[in-house]
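Spelled out from the first residue to the last, the chains are:
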Amino acid sequence: MNLSGKKILLGITGSIAAYKAIYLVRLLVKAGAEVKVVMTPAARDFVSPLTLSTLSHHPVHIDLFQENEWANHVQLGRWADVMVIAPLSVNTLSKMAQGQCDNLLLATWLSATCPVVLAPAMDEDMWHHPFTQKNLQKLISIGHKVIPVEKGELASGLVGEGRMAEPETIFSFIQEHFFFREELKGRKAIVTAGPTYESLDPVRFIGNHSSGKMGVEIAKALYARGAAVTLVLGPSAQPNPSGIETIRVHSAQQMFEAVSDRFDQTDIAVMSAAVADYTPVNTAAEKIKKTGDRLVLELQKTPDILRTMGERKKNQVLIGFALETTNEREYALEKLRSKNADMIVLNSLRDEGAGFGKDTNKVTLFDKSGKEFDLALQSKQQVAHQIVDTLISIYYA
């Protein structure tokens, strides 16, 4: 989601989970937010203020008095659109529940006029302790929002509840609860992403290098604008996005079936997956042994998902992707016409910084009315939001 112009105040307390704050700052800044960090003195033992100031492009605030200067906690508290305390240690939680004010973070919190989000982090027994739960309820009762802890390996070496939510989860929580837009409210969208793997035998497959990053970001961008989104995701290391129904598939046929089952109830369909064009006629039940110098494979075409949905569409907006290496514009426009799509997103592998596995992308959008939109090289997250912005401006303005 584009958080351009949004102001996030991040509070960090003394917890081993403080290292995750580095990644949270990076996510927020990449999304365009302005981030300022305030830390408790104990937090310095777990994460470097220099790292956080470098990533946030702002000085990190720790002490009420720094170099004979007073840190204006009132100004900090009034500056932010949202204050996030992540990680929230059990010690700081207890102090907050009692209204104590013995460090800059607590003074800033007591001065905050914006919503406050808490991401606790502690060991399991501490998390389940009655006083911890009572203190959390006190803060919830005054309107603070709590991001639930996760279960996993803890600093003690035990496995249980108490892990701070992952930075991506906190980021999604912030955008969903405070910066959610509703241009697509009431609309249903389906997005395909990632590669497909066409099995040769139980061990080998035909596939490609798609990571699924671009499609996942488009699904998240649609969700951030109010759409109910289903993501059909091929084999990919990308995590399931929060709030989005994610269907994991393996082959082109499975992806086709998942899209086909839902297409008639869909308003927007974005076919961004790198679907294999061919699949083996026969898949061996056992591992194929090396018996000669050559192996001849017989392949057959996979279902053409974009073409089939183009033939079936009634009132849906259908968007396809064209990944090309030569005659890019010509092939993209032909795909737009022949597949009966409403828009084609052209991705050229010849553009530096674009393509499979990258965090950035550079694309050109063509719509069926003849309009053309060039999107500069930028993060895939930003590209996704500009694609959705264009979609909304053309079809839902």
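None of these values were measured; they are calculated from a predicted model. (Residues numbered from 1 in each chain as written. Predicted model: local features only at pLDDT ≥ 70, side-chain atom pairs only at ≥ 80, totals over all residues. Heavy atoms only, no water.)

Turning our attention to the overall build of the protein chain. Along the protein chain, the regular secondary structure elements total 13 helices and 21 strands. Expressed as a percentage of its 397 residues, the buried residues of the protein chain come to 50%. Across the protein chain, contacts joining residues at least 24 apart in sequence account for 66% of those joining residues at least 6 apart. Where the 43 positive side-chain charges of the protein chain centre and where its 44 negative ones centre are 2 Å apart. (Helix = DSSP H or I, 4+ residues; strand = E, 2+ residues; numbered from the N terminus. Buried < 20%, exposed > 50% of the residue type's maximum accessible area, 1.4 Å probe, protein only. Contact = heavy atoms within 4.5 Å. Lys, Arg positive; Asp, Glu negative; His and termini not counted. Charge placed at Lys NZ, Arg CZ, Asp CG, Glu CD.)

A few words now on the sheet that holds strand E2 (residues 34-39). Here we have 5 strands laid out as an open sheet, ordered E2-E1-E5-E6-E7, and parallel in their pairing. Two strands close off the open sheet at either side, each with one partner strand: E2 and strand E7 (145-146). Pairing analysis gives 4 bridges linking strand E1 (residues 7-12) to strand E5 (residues 82-88), with the strands arranged parallel. The partner of Leu9 across the bridge, within E5, is Met83. Relative to E5, helix H4 (residues 90-97) is tilted by about 135°, and along the sheet it contacts E5 and strand E6 (116-120). The sheet contacts of helix H8 (residues 167-178) involve E1, E5, E6 and E7, and relative to E5 the element is tilted by about 155°. (Pairing = 2+ DSSP bridges. Axes fitted to C-alpha atoms, helices over the stretch in contact; angles between N-to-C directions.)

Relative to each other, helix H1 (residues 19-30) and helix H2 (residues 49-56) sit at 10°, their axes nearing to 9 Å. Accordingly, the angle class assigned to the pair H1 and H2 is roughly parallel. Here H1 contributes Ala21, Ile22, Val25 and Val29 to the contact with H2, which in turn contributes Thr51, Leu52, Leu55 and Ser56. The residue makeup of the contact of H1 with H2, split by class, is 6 nonpolar, 2 polar and no charged. (Parallel < 35°, antiparallel > 145°, perpendicular 65-115°, else oblique. Nonpolar A, V, L, I, M, F, W, Y, C, P; charged D, E, K, R; others polar.)

Here the structure, examined in full by the defined rule, presents 16 salt bridges. The partner of Asp102 in a salt bridge is Lys95, and the shortest N-O contact between them spans 2.9 Å. For Arg163, the salt bridge is made with Glu166, and the minimal N-O distance between the two is 3.3 Å. Beyond isolated ion pairs, a larger network of salt bridges with shared partners links Lys20, Arg163 and Glu166. (Salt bridge = Lys/Arg side-chain N within 4 Å of Asp/Glu carboxyl O.)

Here we come to the sheet that holds strand E20 (residues 360-367). Ordered by their spatial adjacency, 8 strands build an open sheet running E14-E13-E10-E15-E18-E19-E20-E21, and the pairing between neighbours is mixed. Only two strands of the sheet have a single neighbouring strand rather than two, namely strand E14 (245-248) and strand E21 (372-379). Pairs of neighbouring strands in the sheet enclose a mean axial angle of 15°, with direction left out of account. As judged from the 4 bridges shared by strand E15 (residues 268-271) and strand E18 (residues 317-324), these two strands associate in the parallel manner. Within E18, the residue paired with Val270 across the bridge is Ile319. Along the sheet face, helix H9 (residues 213-224) touches strand E10 (188-193), strand E13 (228-233), E15, E18 and E20 and points at about 165° away from the line of E10. Set on the sheet, helix H13 (residues 380-395) makes contact with E15, E18, strand E19 (343-348), E20 and E21; between it and E21 the angle comes to about 155°.

So, on to empty space enclosed by the protein. Tallied over the entire structure, the rule returns 1 cavity of 30 Å³ or more. Considering only enclosed or pocket space, the largest cavity measures out at about 40 Å³ in volume. Listed by contribution, the elements that provide at least two residues to the lining of the largest cavity are H8 and H9. Partitioned by chemical class, the residues of the lining of the largest cavity number 3 nonpolar, 3 polar and 1 charged. (1 Å grid on protein atoms, 1.4 Å probe; cavity = no way out; pocket = protein on both sides within 12 Å on 5 of 7 lines; lining within 4 Å. Points joined across faces, edges and corners; volume = space filled by probe spheres on them.)

Bringing the layout of surface pockets into the picture now. Of the pockets and cavities examined, the largest pocket occupies roughly 930 Å³. Lining the largest pocket are 35 residues, and of these Ala273, Ala274, Val275, Asp277 and Lys335 sit closest to its centre. Elements represented by at least two residues in the lining of the largest pocket include exactly E10, H9, helix H11 (305-312) and E18. Per-element accounting of the lining of the largest pocket gives the leading share, 4 residues, to E18. Residues of the lining of the largest pocket, tallied by class, amount to 15 nonpolar, 12 polar and 8 charged. By volume, the second largest pocket amounts to about 660 Å³. Lining the second largest pocket are 24 residues, and of these Leu27, Glu168, Glu217, Lys220 and Gln238 lie nearest its centre.

By the secondary structure assignment, Leu106 is in helix H5 (residues 104-111). Residue classification places Leu106 among the buried positions, given a relative accessible area of 0%. Along the backbone, Leu106 and Val38 are 68 residues apart, and their C-alpha atoms lie at a distance of 9.6 Å. In this structure, Leu106 is in contact with Thr92, Lys95, Met96, Gln100 and Cys101, ignoring residues within four places of it in sequence.

A separate point is the state of the cysteines. Inspection of every chain in the model, using the stated rule, returns 0 disulfides. Cys114 supplies the cysteine sulfur nearest to Cys101, a cysteine that is in no disulfide, at a spacing of 16 Å. Exposure remark for Cys101: the relative accessible area of 46% places this residue in the partly exposed category. (Disulfide = S-S within 2.5 Å.)

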